[in-house]
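# Observations on the three-dimensional arrangement
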Amino acid sequence: MPEDTTPPPAPQPDGPTPAPLNAAQLASLSKTEQICRIALKPDYLAQLTADAAEPPAEDDLTEAEIQALLTDCATVRDFSSRAAAATTAKTDYTDEEIDARAALMEIIRFIQARARVKHHAQRPTVLLDYGIGIDLLVSRSILEQYATAIHLKTATDILSKVTAAKRQALLDALAAYRAAQTNQTGGQSTATQLRTSRDTLLDQTVAGRMKIQFSADAEWPHTDPANHGIRMEFQLPANRPFIG
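Described below are features of the structure shown in this document.

Basis of the calculations
In every chain, residue numbers begin from 1 and rise along the written sequence. Confidence filtering applies because this is a predicted model: local features only for residues at pLDDT of at least 70, side-chain atom pairs given and counted only at 80 or more, and all residues used for totals across whole chains, interfaces and linings. To obtain the side-chain values, all non-hydrogen atoms of the structure were included, while hydrogens and water were left out. Note on aromatic contacts: the rings of Phe and Tyr and the six-membered ring of Trp form a pair at centre separations within 6.5 Å, being stacked when their planes are under 30 degrees apart, edge-to-face when over 60 apart, and tilted otherwise. What counts as a helix is a DSSP run of H or I of at least four residues, what counts as a strand is a run of E of at least two, and both are numbered from the N terminus. Only protein chains enter the calculation, and the probe is 1.4 Å; a residue is then buried if its accessible area is under 20% of its type maximum, exposed if over 50%, and partly exposed in between. One side-chain nitrogen of Lys or Arg within 4 Å of one carboxyl oxygen of Asp or Glu is enough to make a salt bridge.

Summed over all chains, the structure comprises four aromatic pairs. With 5.7 Å between their ring centres and 50 degrees between their planes, tyrosine 44 and phenylalanine 234 make a pair best called tilted. Here tyrosine 44 is found in helix H2 (residues 42–48), whereas its partner phenylalanine 234 is found in the segment after helix H6 (228–233), with 190 residues between them in sequence. Exposure class is identical for tyrosine 44 and phenylalanine 234. Each is buried.

Here's what the structure looks like:
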């Protein structure tokens, strides 16, 4: 038989995981959904839920609680899908930012070229006011700072072909560049919030599923061999109590 060269699966990161759900999370959801559906079988449900004739207790299990648990499982899947979409949107916004930066730099370079025409021979120190000789792409703050400074400079330093329309185009390009970063941050924030909500709710579904299992363990104890089949349905140990 040829040697299996399939690489092992990549390890899953600790803590909240990026969308989509990892294998362990999917398995947990599926297990919860399966046990909920088993618990909703009429014969089992009647034994698991509280007797209406008895005073209600804090740990009573109800049909509504089981149905709500199934809804929570669906919500976890929805949060994961939306987090994945938000993560993709963040990547798109990154591309948008690159395009916006290029458009802004195109206008800045045009104005810098006109500034050189006017000042290179007689007043070369003025070129610093236009960011000439400075790496404007070293950081976002530097680029935004000089774009604003160039707009202010051209209000009093009249350059050939740097019209009011060109100066407005500079402002518009700067605004588009800032908006692209806002959108990118918003996409990341949305994805993070959705993943946090997803993972919190996933933990709650595990707790809800274990409540059903503990209830089943009490109703069909392992000490009675006749309960073996039912315990298998609820994924309980055959020969010892369920401990979580």
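The next subject is the pattern of salt bridges. If charged atoms from side chains of opposite charge come close, those side chains can pair. Applying the stated rule across the entire model yields ten salt bridges. Salt-bridge contacts for glutamate 97 lead to arginine 140; the nearest nitrogen and oxygen are separated by 2.3 Å. Here glutamate 97, found in helix H3 (residues 63–119), pairs with arginine 140, found in helix H4 (residues 140–156); they are 43 residues apart in sequence, far enough to count as distant. Close ionic contact of arginine 140 with glutamate 144 constitutes a salt bridge, the shortest N to O distance being 2.9 Å. On the criterion of helical spacing, the pair formed by arginine 140 and glutamate 144 is a turn pair, its members being four residues apart in helix H4.

Excluding glycine, residues mostly carry a negative phi; peptide bonds, for their part, are mostly trans. We note that lysine 161 has phi near 70 degrees; this positive angle belongs to a residue other than glycine. Tracing the backbone through its elements, the reader meets lysine 161 in the loop between H4 and helix H5 (164–219). In this model, glutamine 235 sits at a positive phi of 55 degrees, which is unusual for a non-glycine residue. With a relative accessible area of 34%, glutamine 235 lands in the partly exposed category.

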